[in-house]
Amino acid sequence: MDIVILFETVEGQTGKIVGVVAEQARDLGHRVTLCDTAQKTVNGALNGADRVILAAPVHERRHPRSFEAALVAARAELAARPTLMLSVSLKAAFPDGLEEARDYLIEMEMRTGLRPTQEVLVAGAVRLNAYDYYERQIVRHVALAGHEVALGESGREFTDWSALEAQVAAFLRG
Ligand SMILES: Cc1cc2nc3c(=O)[nH]c(=O)nc-3n(C[C@H](O)[C@H](O)[C@H](O)COP(=O)(O)O)c2cc1C
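Bear in mind the structure is a predicted one, so any value in this text is a computation, not a measurement.

Colleague: Can you help me understand helix α4 (residues 98–112) in this one?
Modeller: It helps to recall that an α-helix has 3.6 residues per turn; residues three or four apart then point in one direction. The terminal C-alpha atoms of α4, which comprises 15 residues, lie 21 Å apart, in line with the 21 Å expected from a rise of 1.5 Å per residue. Among all positions of α4, only A101, Y104, L105, M108, E109 and T112 are buried. Each buried residue of α4 lies within a common arc of 135° when the element is viewed along its axis, so the set occupies one face. The exposed residues of α4 that point more than 90 degrees off its buried face are E99 and M110. Count one or two residues on from α4 and you reach G113, which has phi positive near 75°.

Written out as structure tokens, the structure is:
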């Protein structure tokens, strides 16, 4: 199948996730095209796509505006195909954060009018080296609020790679 991955990343974890998912899909025999919605318009990017994987991180309770704008621009083309949305956040790393992580997606759907066929809440990462002082405070006191987690010198990755692989495989199997 022809798979298009529409994605955006801010500090790089969603970019890493997209790289792993693309390699998995290629290993399964699919053709994969990547479209970074922060770099280029979505015009024509979905031509010939059999299935679409969407991936974006949450910053301050929402997915990037340019990512949401791309979903709006391609809404009709997306609605005509099976889509899998990977919503990357830190709330998704904790059972008591899942409801809030789900809310981010519901708010995205309300703003864009797009309801992906399947959705996965993916735990992201803390990347301390990528943050300024303000961002460090948000991550510690908002995204990680209520959780005393040990962070290494550069941060910590919470992504569950084997769960993600299984969810992507199920989507690609249809
Ligand atoms: C400034 C900032 C704000 C964030 N806000 C949230 C948030 O509101 N909710 C949440 O669950 N995670 C939040 N996060 C965590 C990110 O979703 C997480 O670090 C993710 O892995 C980022 O993906 P990226 O590296 O692809 O940008 C925030 C991170 C930063 C740096």
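Colleague: So what exactly am I meant to see when it comes to the side chain of Q13 here?
Modeller: Positionally, Q13 belongs in helix α1 (residues 13–27). Note on Q13: relative accessible area 7%, which makes it buried. Polar side-chain contacts of Q13 include one of 3.0 Å to the side chain of R127. The residues touching Q13, leaving out its near neighbours within four places in the chain, are G124, A125, R127, E157, T159 and W161.

Colleague: Explain the site of the ligand to me, please; I cannot follow it from the model alone.
Modeller: Taken together, 23 residues are adjacent to the ligand, and T9, Q13, T14, V58 and A125 come closest. Within the backbone of R61, one N or O atom sits 2.9 Å away from an oxygen atom of the ligand. The separation between an oxygen atom of the ligand and a polar main-chain atom of L90 is 3.1 Å. Starting from 640 Å² of accessible surface for the ligand in isolation, the protein chains cover 99%. Mapped by element, the contributors of at least two residues to the shell around the ligand are α1, β4 (83–89) and α5 (133–143).

Colleague: Would you explain the packing of α1 against helix α6 (residues 161–173) in this entry?
Modeller: Packed helix pairs are specified by the crossing angle of their axes together with the interaxial distance, meaning the distance between the axes. For the pair α1 and α6, interaxial distance at closest approach is 11 Å and the crossing angle is 50°. Between α1 and α6, the crossing angle belongs to the class labelled oblique. The interaxial crossing formed by α1 with α6 has right-handed handedness. Note on element contacts: α6 touches α1 through W161, L164, E165, V168, A169 and L172, opposite Q13, K16, I17, V20, V21, Q24 and A25. Considering only residue class, the contact of α1 with α6 consists of nine nonpolar, two polar and two charged.

Colleague: I tried to follow the packing of aromatic side chains on my own but got confused; where do I start?
Modeller: Think of a pair of aromatic rings as described by two things: how far the centres are apart, and how the planes are tilted against each other in angle. Considering all chains together, one arrives at one aromatic pair under this definition. Stacked on the ring of F171, the Lys or Arg R51 has its end atom at 5.6 Å from the ring centre.

Colleague: It is not clear to me how the sheet that holds strand β3 (residues 51–57) should be interpreted in this structure. Could you clarify?
Modeller: Strand pairing in a sheet relies on backbone hydrogen bonds. The paired strands run either parallel or antiparallel. Strand order across the open sheet formed by five strands is β2-β1-β3-β4-β5, with parallel pairing between neighbours. Edge strands, defined here as strands with exactly one partner in the open sheet, are β2 (31–36) and β5 (118–123). Strand-to-strand twist in this sheet, taken as the mean axis angle between neighbours without regard to direction, amounts to 20°. Across the face of the sheet, α4 comes into contact with β4 and β5 while running at roughly 135° to β5.

What counts and how
Residues numbered from 1 in each chain as written. Predicted model: local features only at pLDDT ≥ 70, side-chain atom pairs only at ≥ 80, totals over all residues. Heavy atoms only, no water. Helix = DSSP H or I, 4+ residues; strand = E, 2+ residues; numbered from the N terminus. Expected span 1.5 Å × (residues − 1). Buried < 20%, exposed > 50% of the residue type's maximum accessible area, 1.4 Å probe, protein only. Arc of directions from axis to C-beta. Polar contact = N/O pair within 3.5 Å; in protein donor to acceptor, adjacent residues only side chain to side chain. Contact = heavy atoms within 4.5 Å. Near = heavy atom within 4 Å. Areas by Shrake-Rupley, 256 points an atom, 1.4 Å probe, with all protein chains shown as cover. Axes fitted to C-alpha atoms, helices over the stretch in contact; angles between N-to-C directions. Parallel < 35°, antiparallel > 145°, perpendicular 65-115°, else oblique. Left-handed = near helix turned anticlockwise from the far one by under 90°. Nonpolar A, V, L, I, M, F, W, Y, C, P; charged D, E, K, R; others polar. Phe/Tyr/Trp six-rings, centres within 6.5 Å; stacked < 30°, edge-to-face > 60°. Lys NZ or Arg CZ within 6 Å of the ring centre and 35° of its normal. Pairing = 2+ DSSP bridges.

Purely spatial values, then, with no claim about function.
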